[in-house]
Structures are given as C-alpha cells and as structure tokens.
Amino acid sequence: MTLSSNSIRSLLEIKDPNIKIDDIFYAFIHHTKVRIIKACLITHQNRCPLCGFAALVHNGHYTPTITYTSDNASHPVFIRLAKQRLKCKNCGHTIMAKTQLVNKYCNISNRTKSKIIMNLQDDRTQKCIAIDNNVSPSTVGRLMDENRALYPTFPDRLPKHLAFDEISRCPSSITFYLIDGSNHHRIIKILPNRFKSSIIRYFECVDLSARKRVETVTMDLNSYYQDIVYQLFPNAKIVIDRFHIIAMMTRAFNQYRSQLMKHYQYQSHEYKLLKFSWRLYLKNDRDLSNAQEYYDRHIHQKVTAGERISLGLELDTKLNNDYVVMHDVMNYLMLRNKDQLAEALFNYRYEQLSKPMAGVIRTLRKNLEIVLNAAENEQSNGPLEVLTA
Ligand SMILES: [Zn+2]
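Residues numbered from 1 in each chain as written. Predicted model: local features only at pLDDT ≥ 70, side-chain atom pairs only at ≥ 80, totals over all residues. Heavy atoms only, no water.

Once that is clear, we can look at the domain arrangement of the protein chain. Domain annotation of the protein chain identifies domain 1 (5-107), domain 2 (110-151), domain 3 (161-240) and domain 4 (243-388). Just the C-alpha atoms count here: the centres of domain 1 and domain 2 sit 24 Å apart. Facing 13 residues of domain 1, the contacting portion of domain 2 comprises 10 residues. Together, the buried faces of domain 1 and domain 2 total about 950 Å²; carbon and sulfur atoms form 41% of this surface. Counting across the interface, domain 1 meets domain 2 through 1 salt bridge. Here Glu-13 ties to Arg-111 by a salt bridge, and the two come within 3.1 Å at their closest N and O atoms. Our count for the contact surface shared by domain 1 and domain 2 stands at 8 residue pairs in polar contact (both at pLDDT 80 or more). Residue composition of the side of domain 1 that touches domain 2, by class: 7 nonpolar, 5 polar and 1 charged. (Domains from an automatic or database assignment. Contact = heavy atoms within 4.5 Å. Buried area = accessible area lost by both parts, 1.4 Å probe. Salt bridge = Lys/Arg side-chain N within 4 Å of Asp/Glu carboxyl O. Polar contact = N/O pair within 3.5 Å; in protein donor to acceptor, adjacent residues only side chain to side chain. Nonpolar A, V, L, I, M, F, W, Y, C, P; charged D, E, K, R; others polar.)

Donor atoms from the polypeptide that coordinate the zinc ion comprise Cys-48 (SG), Cys-51 (SG), Cys-88 (SG) and Cys-91 (SG), at 2.3 Å from the metal. Around the zinc ion sit 4 donor atoms; with metal-centred angles ranging over 104 to 120°, the donor geometry is tetrahedral. Counting along the primary sequence, the residues that act as donors to the zinc ion give the motif C-x2-C-x36-C-x2-C. Residue classification places Cys-48 among the buried positions, given a relative accessible area of 3%. (Donors = N, O, S within 2.8 Å, 3.2 Å for Na, K, Ca; no water. Tetrahedral: all angles 85-135°; square planar, octahedral: opposite > 155°, others 65-115°. Buried < 20%, exposed > 50% of the residue type's maximum accessible area, 1.4 Å probe, protein only.)

Turning our eyes to something else, we now look at the layout of surface pockets. Approximately 290 Å³ is the volume attributed to the second largest pocket. In this structure, the second largest pocket is lined by 15 residues; those nearest its centre are Leu-11, Leu-12, Arg-35, Thr-69 and Asp-71. Of all the secondary structure elements, the ones that give two or more residues to the lining of the second largest pocket are helix H1 (5-12), strand S1 (19-29), strand S2 (32-41) and helix H2 (110-119). Top contributing element to the lining of the second largest pocket by residue count: H1, with 3 residues. (1 Å grid on protein atoms, 1.4 Å probe; cavity = no way out; pocket = protein on both sides within 12 Å on 5 of 7 lines; lining within 4 Å. Points joined across faces, edges and corners; volume = space filled by probe spheres on them. Helix = DSSP H or I, 4+ residues; strand = E, 2+ residues; numbered from the N terminus.)

Applying the stated criterion across every chain yields a total of 8 salt bridges. For Lys-196, the salt bridge is made with Asp-227, and the minimal N-O distance between the two is 3.7 Å. One end of the pair, Lys-196, is in helix H5 (residues 196-204); the other, Asp-227, is in helix H7 (residues 223-232), and 31 residues separate them in sequence. For Asp-227, a relative accessible area of 39% corresponds to the partly exposed category.

Bridge count between strand S12 (residues 293-296) and strand S13 (residues 301-304): 4 bridges; the pairing is antiparallel. Its bridge partner lying in S13, Asp-296 is registered against Gln-301. The turn linking S12 back onto S13 is made up of 4 residues, and His-300 within it adopts a positive phi angle of 55°. (Pairing = 2+ DSSP bridges.)

This is the structure in structure tokens:
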C-alpha cells in the first residue's frame with residue numbers, strides 16, 4: 001500500500017494544502033543517512049501583483065533543501081521543496097510560491113525554529129540543541145538573539161528601593177523573590193533557589209552603574225542576604241522589614257505565654273486567662289477599650305478589654321515585660337520614631353524578659369543600625385508577605 005500525498009502531509013504535520021508530496025527516499029549527505037521528502041509547492045495566483053495583468057506564466061522552480069524536525073536525531077529529515085516560480089509576460093516581474101512551512105530564502109523550517117526556541121527554555125547547551133535539531137550552533141545562537149524577548153533578561157535599570165524575600169513552596173525548595181520596594185511592589189525576578197551563588201550570579205549580570213543607584217534594600221533578618229547587599233549594592237542602605245520585626249516579637253510572646261500556661265492546672269482560672277482571648281494581647285494597646293465592658297464566658301466575669309489583658313499579665317512579671325517591650329517596638333515602628341525605638345530595645349535587661357523574647361531583643365540589638373532604618377524608611381515587604389502567604 002502506498003501512502004497518498006495527503007496522508008504523508010498529515011503524518012509530517014504539514015498543514016499547507018499547496019504542498020504536494022511526490023516521494024520519500026533515503027540518501028547519504030556527508031556520510032549521514034538522511035530521509036528526503038521530495039515535494040512541490042504550487043501557487044494559484046494568476047494576476048501579477050505589480051501590474052495587475054492576468055499574464056503570469058510558469059517559469060521553472062526554486063528548490064531549496066529545508067531542514068525539518070525529526071523524531072530521530074541520527075536520521076535527519078530534509079524537504080526538497082520545489083517552489084513554483086511565475087513570470088509576468090506583461091512587465092517581466094517574477095514571483096515565487098510562498099508557504100507557512102518555511103520563510104523566503106531560508107533553509108530551516110519554521111517548525112524546526114519553534115522547536116529550537118522551546119528547547120532553549122530548558123537547561124541545555126546550544127551545541128546540544130543544535131545536534132538534536134540538525135542545525136549549526138550559530139543558528140541556535142541567532143534564533144536566541146532574534147527572540148530575546150522570550151527569554152529572561154537582566155534589567156539595565158533597577159528601582160531605587162529593592163526588597164528581597166523568600167517563599168517556601170515545599171520543604172526542600174525555597175524561591176527567592178526580588179521586588180520593587182517602592183509603592184508598586186512589582187515582582188522583578190523570581191530565582192528558583194535562594195543560594196548565595198545564584199543571587200550573586202544574577203546580579204553580577206546587571207550593570208554596576210544600575211546597582212549603584214539602589215538606595216535601600218528591604219529584607220528579613222537573614223545574615224547572608226546582608227553580605228550580598230554589601231557586596232553588590234555599594235550605595236544601598238539595608239532596611240529590616242517592619243513586618244518581620246513584629247512577627248518575630250509576637251511569635252516570641254506567644255511562645256512564652258504558651259509555656260507559662262502549661263504550668264497551671266487545666267481548667268484553672270490562670271490557665272484560662274492565658275489560653276483564651278490571646279488575640280487581645282497582640283492588639284495595639286491604644287485600640288483596647290477601657291470603658292466598654294463585656295461578659296467573658298471563659299473566666300465568668302464582666303471585664304473591659306484592658307482589664308482582661310491586665311489580669312493575664314499580672315500572673316508573671318516577665319510576660320508583662322515582654323508585652324511592654326513588644327508594644328513599644330510596634331508603636332515606635334509605626335510612628336517612625338527612631339530614638340524612642342532604640343530606647344525601647346534597651347529598656348529591659350535580658351534577665352527581665354522571657355527566654356524567647358530576650359533572644360529576639362538580642363538579635364535586634366545586634367543588628368541595631370539596620371533595625372533602626374526600619375523606623376526611618378517607608379519601605380516594607382508587607383504587601384508581598386500578604387500576597388504570598
Ligand atoms: Zn506584471
């Protein structure tokens with residue numbers, strides 16, 4: 001059974017109905033066995049595009065050998081396509097049949113080009129892609145240049161305010177986010193991991209003059225990001241993210257509250273004071289009402305929100321001190337009061353605070369300069385934290 005031209009076209013996924021397949025055979029080109037498809041491209045044009053006369057006559061063929069995609073790289077496929085040429089008897093203008101399969105005067109099919117562009121998105125060398133598609137490595141390079149917009153590029157300008165953040169998608173993979181730290185919070189780049197080497201490699205491709213223009217970099221208290229900033233952004237000031245500072249303190253407060261709670265008998269008054277209405281402890285103390293009473297069903301008494309907090313804090317001095325320092329820091333960060341913030345961080349000795357809170361305060365004191373920057377600058381990762389939570 002011999003296959004019809006239509007069946008071969010459909011096998012090769014050639015959509016142009018003007019291409020007629022004549023033959024398929026094997027040949028040797030440069031000692032390599034290749035499959036050659038002999039085909040003809042006809043045109044139905046009968047009027048000259050230049051003079052408009054219906055005076056076109058057949059004028060031979062132009063037969064390029066076109067590289068086509070092959071499922072087996074060791075047996076390349078070529079289409080020997082005889083493109084019909086027409087000549088106008090009236091003005092002498094010549095035209096050639098056109099097809100979507102290949103561009104004019106090009107010997108690489110558009111299908112092969114698309115495949116190369118797809119391959120370029122994988123982590124493979126240009127040479128390897130070239131061998132797979134039976135083209136030269138320089139063709140792959142040229143295609144990459146022509147389609148530069150499709151590939152990740154390095155910005156020649158960076159915003160004045162940058163922000164670094166990381167998001168854990170699964171335990172073993174943490175992606176690194178580079179964000180425009182100004183009001184837009186636009187994501188500039190996502191790197192697949194947060195390794196120092198990957199981040200440095202990315203930024204080293206960005207022009208030094210662009211990096212020198214960066215004024216602030218907002219981040220979490222992650223020491224190795226700080227090293228990267230000093231190394232790559234000579235004029236930038238590091239700002240610790242306000243949301244991160246507040247999150248560290250509330251976490252420490254909750255940790256000690258929960259440790260303390262376990263010292264009391266389950267169902268006891270003290271246990272209930274610490275266990276329930278825990279959100280009130282984190283609420284801004286200025287928002288707590290001291291006038292409006294409500295009935296607290298856990299402790300069976302009428303209290304105001306302020307009184308409810310005081311009852312819990314009276315149980316332990318360290319818990320009370322933790323509460324005071326946490327709210328002082330939150331308030332001064334909000335009010336952008338640098339001096340008061342510094343004072344609040346040195347208000348208590350470590351032994352006057354709980355162990356988790358003393359740990360947080362120690363970290364904040366150690367990074368005092370960049371923590372105080374948080375009270376001075378507007379930049380924050382907050383909106384992104386919400387976006388990626
Ligand atoms: Zn003409």
